[in-house]
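Structure assessment
Next come the chains, spelled out residue by residue.
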Amino acid sequence: MPGPVLRLLRPHQWIKNGFVLIGLIFSHRWNEGELVIQVLMLTGAFCAVSSAVYALNDVFDREADRAHPDKRNRPVASGAVSVRSALAWSLGLALAGVLLAWRVSPAAGALICAYVGVNIAYSSGLKHVAVLDVFLIAAGFMLRILAGTLGVEIEPSRWLLGCGLMLTLFLGFAKRRAELVASNGADVAPQRRALEGYSGPLLDLLIGISAAGAALGYALYTLDQETITIHGTNKLIWTLPFVLYGIFRYLYALHHRGAGADPAREVLHDPHLMASLAGWLGLTWWLIAHA
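Anyway, here's the lowdown on the structure attached to this text.

Conventions we followed
Residues numbered from 1 in each chain as written. Predicted model: local features only at pLDDT ≥ 70, side-chain atom pairs only at ≥ 80, totals over all residues. Heavy atoms only, no water. Helix = DSSP H or I, 4+ residues; strand = E, 2+ residues; numbered from the N terminus. Rg over C-alpha atoms; globule rule 2.2 N^0.38 Å. Buried < 20%, exposed > 50% of the residue type's maximum accessible area, 1.4 Å probe, protein only. Contact = heavy atoms within 4.5 Å. Lys, Arg positive; Asp, Glu negative; His and termini not counted. Charge placed at Lys NZ, Arg CZ, Asp CG, Glu CD. Salt bridge = Lys/Arg side-chain N within 4 Å of Asp/Glu carboxyl O. Core = buried A, V, L, I, M, F, W, Y, C linked by side-chain atoms within 4.5 Å. Patch = residues over 30% accessible without salt bridge, like charges linked within 9 Å, V, L, I, M, F, W, Y side chains within 5 Å. Areas by Shrake-Rupley, 256 points an atom, 1.4 Å probe, with all protein chains shown as cover. Phe/Tyr/Trp six-rings, centres within 6.5 Å; stacked < 30°, edge-to-face > 60°. Axes fitted to C-alpha atoms, helices over the stretch in contact; angles between N-to-C directions. Parallel < 35°, antiparallel > 145°, perpendicular 65-115°, else oblique. Left-handed = near helix turned anticlockwise from the far one by under 90°.

Now for the overall build of the chain. The secondary structure content of the chain amounts to 14 helices and 0 strands. Taken over C-alpha atoms, the radius of gyration comes to 19 Å for the chain, in line with the 19 Å a tight globule of 291 residues would show. With respect to the three principal axes, the spread of C-alpha positions in the chain is 55 × 45 × 30 Å. Each of the 291 residues in the chain was classed as buried or not, and the buried ones make up 47%. Taking the contacts inside the chain whose residues are at least 6 apart along the sequence as the reference set, 71% of them involve residues at least 24 apart. The chain carries 23 positive and 19 negative side-chain charges, and their two centres are separated by 5 Å.

Written as structure tokens, this is what we have:
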């Protein structure tokens, strides 16, 4: 695939689609081969659809991107990929993703269609509405979790749904804070009109609330009697330090390095975040598998 088209599809962002796997990991059903294949198919479907959304968003934002010192190098804004080509890729990938999800189940197909609808609404103008913009981002992650649970007939944990919501709100508000700081230090006007509705103190408050909610929600999930019964162990609380370290490290990067504008890239390029994610996954799997 040509370099500009690959950059248009942003494959490094596919790490976000790992949320589809959460249901499989915590349902204790990873030994069911057919189910594993279905969940992997859904993960691939969300990779295709999320790339379609990025391509469409680049078309919508091409004029604003050309005025930005970094985003002007994006494929559509720079002219490396034409608008017609970007729209063709977007349509093709969206159809492929929806059909793949629908092959898994009608419920999964409906959920991925809802994901497309939410993102079209977001790209069409709702991303300029403060607070609502971040809730729409979080909705995309929640639809991933639901596709990987309800879409394959796995009962989703209410604790994990709540924790996932708080975590994605945390990442969304952190992203807005990084963008606000960058716009305040640049000689260009903010690209997002939603930034006019935010301030540093407000975002710090929202980030603190959502970070605390995510950490507390996960801690309560590990201690919940239903969780202990399902997994046959009361030792999942041992994974909490990895979760806390990851959140605190992300806050450190946000405040001291101005990171956070691209959460996926930050996770992939920060060895501390990678280590905390690997440690959490490894210990969680070991505790569940050896219960």
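Following the structure, the description resumes.
Under the criterion given, the structure shown has 13 salt bridges. Between Arg 10 and Asp 58 there is a salt bridge; the shortest N-O distance is 2.3 Å. In this pair, Arg 10 sits in the loop between α1 (3–9) and α2 (22–26) while Asp 58 sits in helix α3 (residues 33–60), placing the two residues 48 residues apart along the sequence. The same class applies to Arg 10 as to Asp 58, namely buried. Glu 32 is the salt-bridge partner of Arg 29, the closest N and O atoms lying 3.0 Å from each other.

Turning to the nonpolar core, a few remarks are in order. Of all hydrophobic cores here, the largest spans 38 residues; its most connected members are Phe 26, Phe 170, Phe 173, Tyr 198 and Tyr 218. Put simply, the parts of the chain that give this core at least two residues each are α2, α8 (132–147), α9 (158–184), α10 (200–223), α12 (240–256) and α14 (271–289). Among the elements that take part in this core, α9 stands out by supplying 9 residues, more than any other. Residues within four places of Phe 26 in sequence aside, it is in contact with Leu 160, Tyr 221, Ile 230, His 231, Trp 280, Thr 284 and Ile 288. Counting residues in hydrophobic clusters, the runner-up holds 21 residues, among them Leu 24, Val 53, Val 104 and Leu 111.

Residue position: Ile 247 is located in helix α12. Note on Ile 247: relative accessible area 6%, which makes it buried. Placed 36 residues apart in sequence, Ile 247 and Ala 211 show a C-alpha to C-alpha distance of 7.1 Å. Filtering out sequence-adjacent residues up to four positions away, Ile 247 remains in contact with Phe 170, Ala 211 and Ala 215.

A word on unusual backbone geometry. A positive phi angle is found at Arg 10, which is not glycine, with a value near 50°. Within the chain, Val 131 stands out as a residue other than glycine whose phi angle is a positive 75°. Looking at where Val 131 falls in the secondary structure, it is placed in the loop between α7 (106–124) and α8.

Now for a nonpolar patch on the surface. A cluster of nonpolar side chains, contributed by Ile 15, Leu 268, Met 274, Leu 277 and Leu 281, occupies part of the molecular surface with about 360 Å² of accessible area. Ranked by residue count, the leading element in the nonpolar patch is α14, at 3 residues. Tracing the backbone shows Leu 268 in helix α13 (residues 263–269). Looking at Leu 268, the relative accessible area reads 39%, which means it is partly exposed.

This part takes up the packing of aromatic side chains. For the structure on display, the rule yields 8 aromatic pairs. When the centroid spacing of 5.3 Å and the interplanar angle of 75° are considered together, the rings of Phe 46 and Tyr 115 count as edge-to-face. Of this pair, Phe 46 sits in helix α3 while Tyr 115 sits in helix α7, placing them 69 residues apart in sequence. In this structure Tyr 115 comes out as buried when scored by relative accessible area, which is 4%.

A separate point is the packing of α3 against α7. It is at 10 Å that the axes of α3 and α7 come closest, and there the two elements cross at 15°. For the element pair α3 / α7, the angle class is roughly parallel. Viewed along their axes, α3 and α7 form a crossing whose handedness is right-handed. Of the residues in α7, those in contact with Leu 42, Ala 45, Phe 46, Val 49, Ser 50, Val 53, Leu 56, Asn 57 and Phe 60 of α3 are Ala 108, Ile 112, Tyr 115, Val 116, Asn 119, Ile 120, Ser 123 and Ser 124.

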